[in-house]
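A closer look at the structure
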Amino acid sequence: METSTEGAAAAVRPASLSPSRAGDFMQCPLLYRFRVIDKLPEKPSEAATRGTLVHAVLERLFDAPASERTAPRAKSLIPGQWDRLRETRPELTELFADDPEGERMARWLSDAEKLVERWFTLEDPTRLEPAERELFVQAELASGLKLRGIIDRVDVAPSGDVRIVDYKTGKAPRPEYAEGALFQMKFYALVVWRLKGVVPRRLQLVYLGSGDVITYDPVVADLERVERKLLALWEAIELATATGEWRPRPTKLCGWCDHQAVCPEFGGTPPPYPLPVRAPGSAEGAQGRMGPG
Ligand code: SF4
């Protein structure tokens, strides 16, 4: 699971694409710019941090022998993993700075426990032996585009079939939006296919917030389609990078955007563009038309 909370740093040209950042560009090109090029800091959120914590717990649980991977054991890992998270990301202490009695944090931890417990109704970790956990993957396409990401879990069956699993701490999307959720999984499947020459047999999204599991069995044509889509997306990103034309695309998701103060849609002014630009020309219309799928 990726976050974009790093502090402001020197601007660099985008060099690779991850599912999260591809999703940012599809949602709003200006948001992509703020996160990837300007690297504007973002406030940690309770929901995202809870997601990171739950992911860490589910990952660490597999350190235990299969028979000991129980819900109580998983829940007992929460306090230690929360301490560890705060040590590695001191900015997270901000989250509960206004909660001196610790009541809000206690509720937040209890919500994390519920998510961990729900996992046991969806999968049985005593019967799983993941081949990989939190696997960083990176592959370069023939065009030179680098794709990267972190896969929560990779299972390999005795037959050699590969299953890619991703945990989501939110609720499953309505069926008409499932394609957007699967985009990330197809992205990973493409990377695995390019790296290992094997098309994963199954993509599995585990929604701990609602207790749903969405699966999809990809075929080569799916992955080729995703590859074409990513190449088109990257072309649009390169064009915007070169011209400095990053258009805002307001949607209801703006409510979760940390950058309204510098967004023209909300009366703000973006910081000066930190990269050299060339005169805009054929850029017209190249942005803002892409959606997942
Ligand atoms: S507030 Fe909305 S339109 Fe503006 S940058 Fe954020 S997501 Fe884009």
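Residues numbered from 1 in each chain as written. Predicted model: local features only at pLDDT ≥ 70, side-chain atom pairs only at ≥ 80, totals over all residues.

Per an unreviewed UniProt entry, the protein chain is named RecB family exonuclease, and its organism is Streptomyces alboniger.

Okay, unusual backbone geometry next. Non-glycine residue Lys39 carries a positive phi angle of around 50°. For Lys39, the location among the structural elements is in the loop between α2 (29-37) and α3 (46-61). Even without being glycine, Glu134 reaches a positive phi, approximately 45°. (Helix = DSSP H or I, 4+ residues; strand = E, 2+ residues; numbered from the N terminus.)

On the UniProt side, "domain: PD-(D/E)XK endonuclease-like" (unreviewed entry) is annotated at positions that read residues 16-264 here. For residues 16-264, the helix share is 46%, the strand share is 16%, and the end-to-end C-alpha distance is 27 Å. (UniProt positions renumbered as here; feature names shortened; annotations may be inferred.)

This paragraph deals with the confidence of the model for the protein chain. Residues of the protein chain with pLDDT of at least 70 account for 91%, and the chain-wide mean is 91. Predicted confidence for residues 1-8 stays below pLDDT 50, and this span has 19 contacts to residues more than four positions away or in other chains. (pLDDT = per-residue confidence, 0-100. Contact = placed C-beta atoms within 7 Å.)

What follows deals with helix α7 (residues 178-196). Across its 19 residues, α7 extends 27 Å between first and last C-alpha, which sits within 8% of the 27 Å expected from 1.5 Å per residue. Along α7, the largest kink reaches about 25° and is centred on Gln184. Buried residues of α7: Leu182, Gln184, Met185, Lys186, Phe187, Tyr188, Ala189, Leu190, Val191, Val192 and Trp193, and no others. Gly197 lies just past α7 and shows a positive phi near 75°. (Expected span 1.5 Å × (residues − 1). Bend = angle between axes of the 7 residues up to and from the residue. Buried ≥ 20, exposed ≤ 12 C-beta atoms within 10 Å, placed from the backbone.)

Right, let's talk about the packing of α3 against helix α5 (residues 78-88) for a bit. Put simply, α3 and α5 touch, their axes get as near as 9 Å, and they point 120° apart. Classed by the angle they form, the pair α3 and α5 counts as oblique. α3 and α5 meet at a crossing whose hand is right-handed. Residue-level contacts link Thr52, Leu53, Ala56, Val57 and Arg60 of α3 to Ile78, Gln81, Trp82 and Leu85 of α5. When grouped by side-chain class, the residues that make up the contact of α3 with α5 number 6 nonpolar, 2 polar and 1 charged. (Axes fitted to C-alpha atoms, helices over the stretch in contact; angles between N-to-C directions. Parallel < 35°, antiparallel > 145°, perpendicular 65-115°, else oblique. Left-handed = near helix turned anticlockwise from the far one by under 90°. Nonpolar A, V, L, I, M, F, W, Y, C, P; charged D, E, K, R; others polar.)

Quick look at the environment of Thr93 now. In this fold, Thr93 is placed in the loop between α5 and α6 (103-122). For the pair Thr93 and Pro44, spaced 49 residues apart in sequence, the C-alpha separation works out to 9.4 Å.

On to the nonpolar core, then. Counting residues in hydrophobic clusters, the biggest one holds 53 residues, and the most contacted among them are Val54, Val57, Ile164, Tyr188, Ala189 and Leu190. For this core, the element with the highest residue contribution is α7, accounting for 9 residues. For this core, the two domains that each supply at least three residues are domain 1 (46-127) and domain 2 (132-226). Here Leu190 is in contact with Leu147, Leu223, Val226 and Glu227, once residues within four sequence places are set aside. (Core = buried A, V, L, I, M, F, W, Y, C linked by C-beta atoms within 7 Å. Domains from an automatic or database assignment.)

Now for the domain arrangement of the protein chain. As far as domains go, the protein chain holds domain 1 (46-127) and domain 2 (132-226). Its C-alpha centre places domain 1 at a distance of 23 Å from the equivalent point of domain 2. The interface of domain 1 with domain 2 comprises 13 residues on the first partner and 10 residues on the second. Sorting the residues of the side of domain 1 that touches domain 2 by element identifies α3 and α6 as the ones contributing at least two each. Sort the elements by how many residues they give to the side of domain 1 that touches domain 2 and α3 lands first, with 6 residues. Looking at the side of domain 1 that touches domain 2 residue by residue, the classes come out as 6 nonpolar, 3 polar and 4 charged.

Another aspect to go through is the packing of α7 against helix α8 (residues 220-243). For the pair α7 and α8, the least separation of the axes is 9 Å and the interaxial angle reads 100°. Judged on the interaxial angle alone, α8 and α7 are roughly perpendicular. Note on element contacts: α8 touches α7 through Asp222, Leu223, Val226 and Glu227, opposite Lys186, Phe187, Ala189, Leu190 and Trp193. Considered class by class, the residues forming the contact of α7 with α8 number 6 nonpolar, no polar and 3 charged.

With that out of the way, let us pick up the pairing of strand β2 (residues 132-140). Where β2 meets strand β3 (residues 146-156), 8 bridges bridge the pair, whose relative direction is antiparallel. Counted as the bridge partner of Gln138 is Arg148 from β3. Remark: 5 residues form the turn of the hairpin made by β2 and β3, two consecutive strands paired antiparallel; Gly144 in that turn has positive phi of roughly 100°. (Pairing = 2+ DSSP bridges.)

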